[in-house]
Amino acid sequence: EDTRKRIAAACEEYRPVAARGSVLYFLMVEMSNVNPMYQTSLPQFLGIFDGAIQDSEKPQLTTKRIGCIIEFLTLCTFQYVVRGLFSKHKMLFVLLMACKIQMKAKQLESSAFDALLKGGGAYNLQDKPNSFSAWMSTKAWLNCVAISEQSPKAFKQLSEVITRNDTAWKQWMENEAAERFPVPDLNEKLEPFDRLLLVRSLREDRTMLAASDYVSSVLGKEFAEPQQLDMIKLIKETNGVTPMVFILSQG
C-alpha cells in the first residue's frame, strides 16, 4: 500500500510532462489538415517522447528533471517535425506550437487566439463605421474592432486610445518595421502575443516577422531560426526497420 502511494505520487509529479506530450502530439496530428503528406502515428511520437526522457539532462531535483524533459521534448518534437514540412509551413507549425503551449498553461485566452485567426472578417462596416478612414484601411479598422471586443484587456478601448493620439498611431502603422517599433500608449502593457495580434490586425504584411519574434520570446530563438538537416543525427535516430524517404522538390 505504501509503495502504491509513492508510485501514484511520483506519477502525479510528472503529469506536466504528459500534458506537454499531449499538446505536441495532437498538434503533429492536426498538421495533416494542412497537407495530407503530414501524417504522424502514435508510435512515431512515442519514440520521440521516450527518447526525450532517456536523453535529456538528469538532475537530482525532481522539479528540475521535469523541466529538462519538457524543454528537451519540445525541442526534439520541433526538430523532428519541421524537417518533414515544406518551408512555407514551418512557421505555421512553430507558431501553433507556441500558442497551444501558452493556452495549455492558461497564459493565452482562446478568444485572443480566435481573433488572430479570423481578424475582423465577421464584422460589417455599416455596423462599425471607420473612424480613421483617412489613413486606415477598412480591413485594418474591422480587425481593430475585432481585437478590442474579443481579445485581452490591453485592447478593450483601442479605438478611443487611437482617437486620443491618432498622429502617433498613424506613424506606427506607416513605419517600415512596425513589429519592432514601440506601440503608442500601450507599449509597456503588451505581452508578446498582444504585439503579434496588433501587428496582424493593423499591419498584416508584417505578420510573419511578428510571429517569429513571438515564437522567440515564448519558446526561444532556436525555434524561430531555420533548421539545417543534420544527417549524422538523423542516422542515429533510425533503426533497421524504419525507412527514410527523401523528397526532392523543384527548386
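Use the structure listed above.
Residues numbered from 1 in each chain as written. Predicted model: local features only at pLDDT ≥ 70, side-chain atom pairs only at ≥ 80, totals over all residues. Heavy atoms only, no water.

Chemist: I'm lost on the packing of aromatic side chains in this one. Help?
Modeler: Note on aromatic pairs: each is described by the distance of the centres and the angle between the planes. Counted under the stated rule, the structure contains nine aromatic pairs. Judged by centre distance (4.8 Å) and plane angle (40°), the rings of F78 and F223 are tilted. In this pair, F78 sits in helix α4 (residues 62-82) while F223 sits in helix α12 (residues 221-224), placing the two residues 145 residues apart along the sequence. Both residues of the pair, F78 and F223, count as buried. On the numbers, 6.0 Å between centres and 70° between planes, the contact of W169 with W172 is edge-to-face. Residue W169 and its partner W172 are both found in helix α9 (residues 166-174); the two are separated by three residues, about one turn of the helix. (Phe/Tyr/Trp six-rings, centres within 6.5 Å; stacked < 30°, edge-to-face > 60°. Helix = DSSP H or I, 4+ residues; strand = E, 2+ residues; numbered from the N terminus. Buried < 20%, exposed > 50% of the residue type's maximum accessible area, 1.4 Å probe, protein only.)

Chemist: What am I meant to see in a nonpolar patch on the surface here?
Modeler: A cluster of nonpolar side chains, namely L229, M231, I235, M244 and F246, defines an oily patch on the protein surface of about 480 Å² accessible area. Relative to the assigned elements, M231 resides in helix α13 (residues 231-237). Assessed through its relative accessible area of 38%, M231 is described here as partly exposed. (Patch = residues over 30% accessible without salt bridge, like charges linked within 9 Å, V, L, I, M, F, W, Y side chains within 5 Å. Areas by Shrake-Rupley, 256 points an atom, 1.4 Å probe, with all protein chains shown as cover. Salt bridge = Lys/Arg side-chain N within 4 Å of Asp/Glu carboxyl O.)

Chemist: Would you take a moment to explain the nonpolar core for this structure?
Modeler: For soluble globular proteins, nonpolar side chains are generally found buried alongside one another. W169 and L198 are the most contacted members of the largest nonpolar core, which totals 72 residues. In this structure L198 touches I147, F155, L158, W169, W172, V183, L190 and R203, once residues within four positions along its chain are discounted. (Core = buried A, V, L, I, M, F, W, Y, C linked by side-chain atoms within 4.5 Å. Contact = heavy atoms within 4.5 Å.)

Chemist: Help me understand unusual backbone geometry in this model?
Modeler: Negative phi values dominate among residues other than glycine, just as trans dominates among peptide bonds. The backbone phi angle of K106 is positive, close to 65°, even though this residue is not glycine. Locating K106 in the fold gives a position in the loop between α5 (87-104) and α6 (110-118). For K106, a relative accessible area of 75% gives the class exposed. With phi around 70°, D185 is a residue other than glycine that occupies positive phi space.

Chemist: Before we go on, may I ask you to explain the environment of F193 in this structure?
Modeler: Along the chain, F193 falls in helix α10 (residues 192-202). Given a relative accessible area of 3%, F193 falls into the buried group. The sequence separation of F193 and L219 amounts to 26 residues, and the corresponding C-alpha distance is 12 Å. Those residues in contact with F193 that sit more than four places away from it in its chain are C99, Q102, L108, A112, F113, L116 and Y214.

Chemist: When you look at the pattern of salt bridges in this model, what are you seeing that I'm missing?
Modeler: This structure, assessed with the given rule, holds eight salt bridges. Of the charged contacts, one joins E1 and R4 as a salt bridge, the two residues approaching to 2.7 Å between their closest N and O atoms. Side by side, E1 and R4 carry an identical accessibility label, which is exposed. E204 serves as the salt-bridge partner of K139, at 3.0 Å between the closest nitrogen and oxygen. Separated by 65 residues along the polypeptide, K139 in helix α7 (residues 138-150) and E204 in the loop between α10 and α11 (207-219) bring together distant segments of the chain. For K139, a relative accessible area of 51% puts it in the exposed group. Residue E204 is classed as partly exposed on the basis of its relative accessible area, which comes to 40%.

Remember that the coordinates give geometry; whether it matters functionally is a separate question.
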